[in-house]
Amino acid sequence: MFPAADDYDIAIDIEESAVDSLLDVTPSDVSPPAELTFSRNVFVPLTTACRYTCSYCTYYDVPGEATLMSPEAIRDVVETGVDAGCTEALFTFGDKPDDRYTEIHTQLDEWGYDSIIDYLYAACEIALAEGLLPHSNPGDITQSEFRRLREVNSSMGVMLETTADVDAHSGGRRKTPGQRLNTIRAAGREGVPFTTGLLVGIGETWRDRAESLLAIRDLHERYGHIQEVIIQNVVPNERSEFDQPSVDTMRRAVAMARAALPEEISVQVPPNLSPTGDLIDCGVDDLGGVSPITDDYINPDYAWPALDELNSIADAAGLPLYERLPVYDRYLPASVRCGDVSPAPDPVDTDAWLSTRIWDAITADTDAGRRYRAVAGRKRQPVSQP
């Protein structure tokens, strides 16, 4: 059904009646949330190299210009995040650098790493040692790579963006819906609490959006691993000619997501990109990872809101605002999570949602462990005004 799905043996059957029903959804058909959540993080842009050349993206740099953060730079950013009371290290980079990025591969080799995945593993170890829980967005990776990276990640993610074949993904090195769906499925098979989402306004239709949401739901019903779905609007930038979607478009897209997805999956909008206050009543219940100290390197022209702005959004909606860990509460064992949170079903093919190393970090008798448990148990919540 979806482009390149056969290449990865992806079998997702979307019923037309389900699509049609979702296309009829309006904001008045969904309920507002009971609360809002967010994660306090530091943004760690591991490398700006990417094998893809999406026309809306300003993050990637061409070969010869791409950068690779050093271990020392990673540690400096992480230490700053710890000092600011963060719990999450958000590792981002373009999909694995291809053979064109000779300087990146040479640098990795000089530092003693065979691949960017090996280096990401080491970077996550730095974060854990310094006192932050890693959440990595490494793009399209294999099931065996998920199996390795879950050891040092509390959660991971990749944006589906769309199941449609759009010109925004054109070029000789283009991402495909089949490959993206394969990545999300691989995460489910390895029991990785996972974030995905839609990118609104890159040439997809309303039917494409409905089908994308239903595809995410299908994979979650199989594996139970989707913790949140981001509904992110495209924004104008130096490489993009796409218009920013209207508020009405975003309201309808968010409402469709809330209607399509099981209640346990959070619907998130990025508060630095979206008119968040106008979307809460459409079912938004999470404001994403917000950094008090680092830029949004994916969208550098759009600054993160300060904590008092998040409070203002929540106050205007009449909702409490709670901080959360990068891994959602329902994936935490009962001894840590807030008592009124229902647990996720056991993962399909692994023993637990959290690896031993992540569990040890959360339960450690350290400042970091106590900070994690305070957030998980909502012992320093709701978030107060500075």
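One can find the structure itself at the top, above this paragraph.
Conventions adopted
- Residues numbered from 1 in each chain as written.
- Predicted model: local features only at pLDDT ≥ 70, side-chain atom pairs only at ≥ 80, totals over all residues.
- Heavy atoms only, no water.
- Helix = DSSP H or I, 4+ residues; strand = E, 2+ residues; numbered from the N terminus.
- Buried < 20%, exposed > 50% of the residue type's maximum accessible area, 1.4 Å probe, protein only.
- Contact = heavy atoms within 4.5 Å.
- 1 Å grid on protein atoms, 1.4 Å probe; cavity = no way out; pocket = protein on both sides within 12 Å on 5 of 7 lines; lining within 4 Å.
- Points joined across faces, edges and corners; volume = space filled by probe spheres on them.
- Nonpolar A, V, L, I, M, F, W, Y, C, P; charged D, E, K, R; others polar.
- Expected span 1.5 Å × (residues − 1).
- Phe/Tyr/Trp six-rings, centres within 6.5 Å; stacked < 30°, edge-to-face > 60°.

Colleague: Can you walk me through the overall build of the protein chain in this structure?
Modeller: Looking only at helices and strands, the protein chain has eleven helices and nine strands in total. Within the protein chain, the proportion of its 386 residues that are buried is 60%. For the protein chain, the proportion of contacts with a sequence separation of at least 24, taken over those separated by at least 6, is 78%.

Colleague: Just checking my understanding: could you explain the layout of surface pockets for this structure?
Modeller: The rolling of a water-molecule-sized probe over the atoms marks out the regions of remaining empty space. Counted as a void, the largest pocket has a volume near 740 Å³. Looking at the largest pocket, it is lined by 27 residues, and the ones nearest its centre are Glu35, Glu263, Glu264, Ser266 and Asp285. Taken as a whole, the second largest pocket spans an internal volume of roughly 180 Å³. Of the residues that constitute the lining of the second largest pocket, the class distribution is twelve nonpolar, no polar and four charged.

Colleague: What am I meant to see in helix 4 (residues 116-130) here?
Modeller: Think of an α-helix as 3.6 residues a turn; residues three or four steps apart then line up on the same face. Here helix 4 is 15 residues long and its end C-alpha atoms lie 21 Å apart, about the 21 Å a rise of 1.5 Å per residue gives. The buried fraction of helix 4 amounts to twelve of the 15 residues, a majority that puts the element mostly inside the structure. Within helix 4, the full set of buried residues consists of Ile116, Ile117, Asp118, Tyr119, Leu120, Tyr121, Ala122, Ala123, Cys124, Ile126, Ala127 and Leu128. Looking one or two residues beyond helix 4, the residue adopting positive phi is glycine 131, at roughly 120°.

Colleague: Which parts of the structure should I look at to understand the packing of aromatic side chains?
Modeller: To describe a pair of aromatic rings, one takes the distance between the centres and the angle between the planes. On inspection of all chains with the given rule, the structure shows four aromatic pairs. Considering the side-chain rings of tryptophan 111 and tyrosine 119, the 5.5 Å spacing of their centres and the 40° angle between planes classify their relative orientation as tilted. According to the relative accessible area criterion, tryptophan 111 is partly exposed, its value standing at 30%. Taking relative accessible area as the criterion, tyrosine 119 reaches 1% and is therefore assigned buried. Site record: aromatic cluster; members linked through ring pairs are Trp111, Tyr113 and Tyr119.

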